[in-house]
Amino acid sequence: MMPSSFAHQLAVSSAFPRLSVGMNEPVKIGFLAPLSGPVESWGLPGLNGCQIWVDSLNRSGGVMISGRRYPVELRAYDCGYNADRAQNGARHLVEEENVKLLLMLGGDTITPILDYLNGRKILTSTLLPSDLSPDTPFLIAPSELHPIYNVTGVEWLSANRPNLKTVALCSQQDALGLPSLATYRAAFGCAGMSLIKEVQYSAESTDVRSIVQPMLDANPDILCWCTSYTPMVHAMTEYAHAHGFKGQIMSCTLDHYERLVARTSVEFMEGTVFQFPDFDDPLLREKTFFFNQPHVFFEEYNRRFPDSWSAVSWEYAAILDIWHSAVEKCNSVNSVSVLAAMKQLGHVSHAFGPAHWWGHDMFGIDNALVGDWPVVSISKGKARVVAFGSIPDWLARHGETLKQEMSDLGQLWDQRLVTDAPRPGFICEPPSV
């Protein structure tokens, strides 16, 4: 967040309600996400990144509130991407730990606890803006604009590899997969690429052959895994390699891509496109986040938590950066005050540069930060940023198409209010026998 005048800060902080904190009482941050199971790589590495952030802040004295510093503590609860466990975790973190901010992955684990969190005005973050609605004013998506940033990868691919014309894609049928499927549908269509095969599969499925073989049979130029879970991304990629696929692979995430390079080949993985960079990337050295040194954060992370870097290693910590700035602007950890500071005190910078609050047309509320996002490609076995695409520019040109695709899969906020509503265009490939 950009600095404002002292007079402005004073005026704002005096207008907002304050929540006093004892001199030695820590400010607690809740972390409610999968720390085990098939979605672990989108939870546990994020907790690791937050611990680095918290340790660094506390070494400098903690968070400053009204001229006094307070330590920050993390309180984590493993929900395993299970809705019942998420409900138990939310109650524990709110009622017993008294957390002032709740960090979540989102999706199917957040839906059953939104009323509980909103009723208690718990400032909660999600990595999935599709969780947002006008009924959730204290739910924010300030770090990851999943899955809308995937349009940048498709647009880059269209411009730089124009010979690629046909696509086969697949997605699991859950709150992570369906919005991703809608986004890729829109992005490929707007890029003039033909979708020749689509496979939707159960989120519990491990039958890789029934998913990938029909896609291969369609003989596409591009295989797209959408936002499949990491174990499935690896299994599907290895299946495609074993069955002689020679075309383009695309995925939202590609956690532990080095293992895929080792299990397939450098040549097979060359040019694979996804959306999450390593933080030692030369093109990130000019980005002003994580203490202005993203490569130092990357080195520290890998030193403390080797072989665990993933798409979310930095994302929850990036939310803490924005929260921290807002807390020190308004001199409070009260959710109403902090949210107002986030929205009203100048421009906000997310991980990859300036961003603005957006989301009303799609989600009924402007609680998501939108800006540029990196396009990443594998080159000689190493992930490298090849471009930064503008999500706002794409939305200005194609937002209505994306909204229609979201609607077709029942992912608009007003559709999700009716949980049993049918999903037009919902096509499920039957598993092969």
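The present account deals with the structure reproduced in this document. (Residues numbered from 1 in each chain as written. Predicted model: local features only at pLDDT ≥ 70, side-chain atom pairs only at ≥ 80, totals over all residues. Heavy atoms only, no water.)

**Brief notes about the overall build of the chain**
Operational definition: The numbering of helices and of strands both runs from the N terminus, where a helix is a DSSP run of H or I of at least 4 residues and a strand a run of E of at least 2. Throughout, a residue-residue contact means that at least one pair of heavy atoms, one from each residue, lies within 4.5 Å. For the accessible areas, the method is Shrake-Rupley and the probe is 1.4 Å, while residue cover comes only from the protein chains on display.
In terms of helices and strands, the chain carries 16 helices and 16 strands. Restricting the contact set of the chain to residue pairs at least 6 apart, pairs at least 24 apart contribute 68%. Only carbon and sulfur atoms are counted for the fraction: they give 50% of the accessible area of the chain, which is about 16,800 Å².

**Let's talk about the packing of aromatic side chains**
Going by this rule: Two rings belonging to Phe, Tyr or Trp (six-membered ring only in the last case) form a pair when the distance between their centres is within 6.5 Å. Interplanar angles under 30 degrees mark stacking, angles over 60 mark edge-to-face geometry, and anything in between is tilted. Note on classification: 1.4 Å probe, protein chains only; a residue is buried when its accessible area is under 20% of the maximum for its type, exposed when over 50%, partly exposed between these limits. Whether a charge sits over a ring comes down to the Lys NZ or Arg CZ being within 6 Å of the ring centre and within 35 degrees of the ring normal.
According to the stated counting rule, one finds 21 aromatic pairs in the structure shown. Arranged with centres 5.5 Å apart and planes meeting at 90°, the rings of Tyr149 and Phe276 form a pair that is edge-to-face. Within this pair, whereas Tyr149 is found in the loop between strand 7 (139-140) and helix 5 (150-160), its partner Phe276 is found in the loop between strand 12 (273-274) and helix 11 (294-304), the two being separated by 127 residues in sequence. Each member of the pair Tyr149 and Phe276 is classed as buried. Each ring, one from Trp314 and one from Trp373, has its centre 6.0 Å from the other, and the planes form 40°; the classification is tilted. Here Trp373 lies in strand 15 (residues 368-379) and Trp314 lies in the loop between helix 11 and helix 12 (315-330), a separation of 59 residues in the sequence. Trp373 matches Trp314 in its accessibility class, with the two residues each being buried. A cation over an aromatic ring shows up here: Arg91 above the ring of Tyr116, its NZ or CZ 5.5 Å from the ring centre.

**Some points on the pattern of salt bridges**
Basically, it comes down to this: Salt bridge, as used here: a side-chain nitrogen of Lys or Arg that lies within 4 Å of a carboxyl oxygen of Asp or Glu.
This model, assessed by the stated rule, comprises 13 salt bridges. Notably, a salt bridge pairs Glu155 with Arg397, separated by 2.9 Å at the nearest N-O pair. Of the two residues, Glu155 is situated in helix 5 and Arg397 in helix 15 (residues 391-408); the sequence distance between them amounts to 242 residues. For Glu155, a relative accessible area of 33% gives the class partly exposed.

**Notes on the sheet that holds strand 7**
The strands that make up a sheet pair up through hydrogen bonds in the backbone, lying either parallel or antiparallel. Which entries qualify depends on this criterion: Between any two strands, at least two bridges found by DSSP are needed for them to pair. Helix axes are fitted only over the stretch in contact, all axes being lines through C-alpha atoms; the angle between N-to-C directions runs from 0 to 180 degrees.
One open sheet holds the five strands; their spatial order is 4-1-5-6-7, and the pairing between them is parallel. On the outer flanks of this sheet lie strand 4 (72-78) and strand 7, each paired with one strand and no other. Each of strand 1 (27-33), strand 5 (101-104) and strand 6 (124-125) is contacted by helix 12, which is oriented at about 155° to strand 5, the strand it contacts most.

**Looking at helix 8 (residues 230-242)**
Definition in use: To estimate the expected span of a helix, count its residues, drop one, and scale the result by 1.5 Å.
With 13 residues, helix 8 extends 18 Å from end C-alpha to end C-alpha; this agrees with the ideal 18 Å at 1.5 Å per step. Among all positions of helix 8, only Thr230, Met232, Val233, His234, Met236, Thr237, Tyr239 and Ala240 are buried. Following helix 8 by one or two positions, Gly244 has its phi on the positive side, about 80°.

**Overview of the packing of helix 2 (residues 44-59) against helix 11**
Describing two packed helices takes the angle between their axes plus the distance from one axis to the other. Just so we agree on the cut-off: When describing relative orientation, an angle under 35 degrees is termed roughly parallel and one over 145 degrees roughly antiparallel, while 65 to 115 degrees is termed roughly perpendicular and anything else oblique. By convention the crossing between two helices is left-handed if the near helix lies anticlockwise of the far one by an angle smaller than a right angle, and right-handed if it lies clockwise. When residues are grouped by polarity, Ala, Val, Leu, Ile, Met, Phe, Trp, Tyr, Cys and Pro land in nonpolar, Asp, Glu, Lys and Arg in charged, and all others, Gly among them, in polar.
For the pair helix 2 and helix 11, interaxial distance at closest approach is 10 Å and the crossing angle is 115°. In terms of orientation, helix 2 lies roughly perpendicular with respect to helix 11. Pair helix 2 / helix 11 crosses with right-handed handedness. Residue-level inspection shows Pro45, Asn48, Gly49, Gln51, Ile52 and Asp55 of helix 2 in contact with helix 11, the latter providing Phe297, Glu300, Tyr301 and Arg304. Taken together, the residues that form the contact of helix 2 with helix 11 break down as four nonpolar, three polar and three charged.

**A word on the environment of Asp280**
Counted only if it meets this: Counting of polar contacts relies on pairs of N or O atoms within 3.5 Å, with two restrictions inside protein: one atom must be capable of donating a hydrogen and the other of accepting it, and residues adjacent in sequence are counted only when both atoms are side-chain atoms.
Relative to the helices and strands, Asp280 resides in the loop between strand 12 and helix 11. With sequence-adjacent residues up to four places away left out, Asp280 is seen in contact with His295, Phe298, Lys382 and Arg384. At 3.4 Å, the side chain of Asp280 forms a polar contact with the side chain of Lys382.

**Structural notes on empty space enclosed by the protein**
So the rule is basically this: Buriedness of a pocket was judged along seven lines, with at least five required to meet protein on both sides within 12 Å; pockets are open sets of points on a 1 Å grid over the protein atoms alone, cavities are sets where a 1.4 Å probe fits but cannot get out, and lining residues have an atom within 4 Å of a point. Grid points are joined across faces, edges and corners, and a volume is the space filled by probe spheres set on the points.
Within the structure shown, the criterion is met by two cavities of 30 Å³ or more. Approximately 90 Å³ is the volume attributed to the largest cavity. Along its surface, the largest cavity is lined by 15 residues, and Trp42, Leu105, Glu144, His146 and Thr227 are the ones closest to its centre. In this structure, the second largest cavity spans a volume of roughly 60 Å³. For the second largest cavity, the full set of lining residues is Leu114, Leu117, Asn118, Ile122, Thr124, Thr136, Pro137, Phe138 and Leu139. If one sorts the elements of the lining of the second largest cavity by residue count, helix 4 (residues 114-119) sits on top with three residues. For the lining of the second largest cavity, the class distribution of residues is six nonpolar, three polar and no charged.

**A look at unusual backbone geometry**
Note that the residue after His146, namely Pro147, is joined by a cis bond; omega there is 0°. One non-glycine residue, Asn219, adopts positive backbone phi at about 55°. Take Asn219: it is sitting in the loop between helix 7 (208-217) and strand 10 (222-224). Residue Asn219 is classed as exposed on the basis of its relative accessible area, which comes to 63%. Phi angles above zero are rare outside glycine, and His256 is one such case at about 55°. Within the secondary structure, His256 sits in the loop between strand 11 (248-250) and helix 9 (257-263). With relative accessibility at 14%, the residue His256 sits in the buried group.

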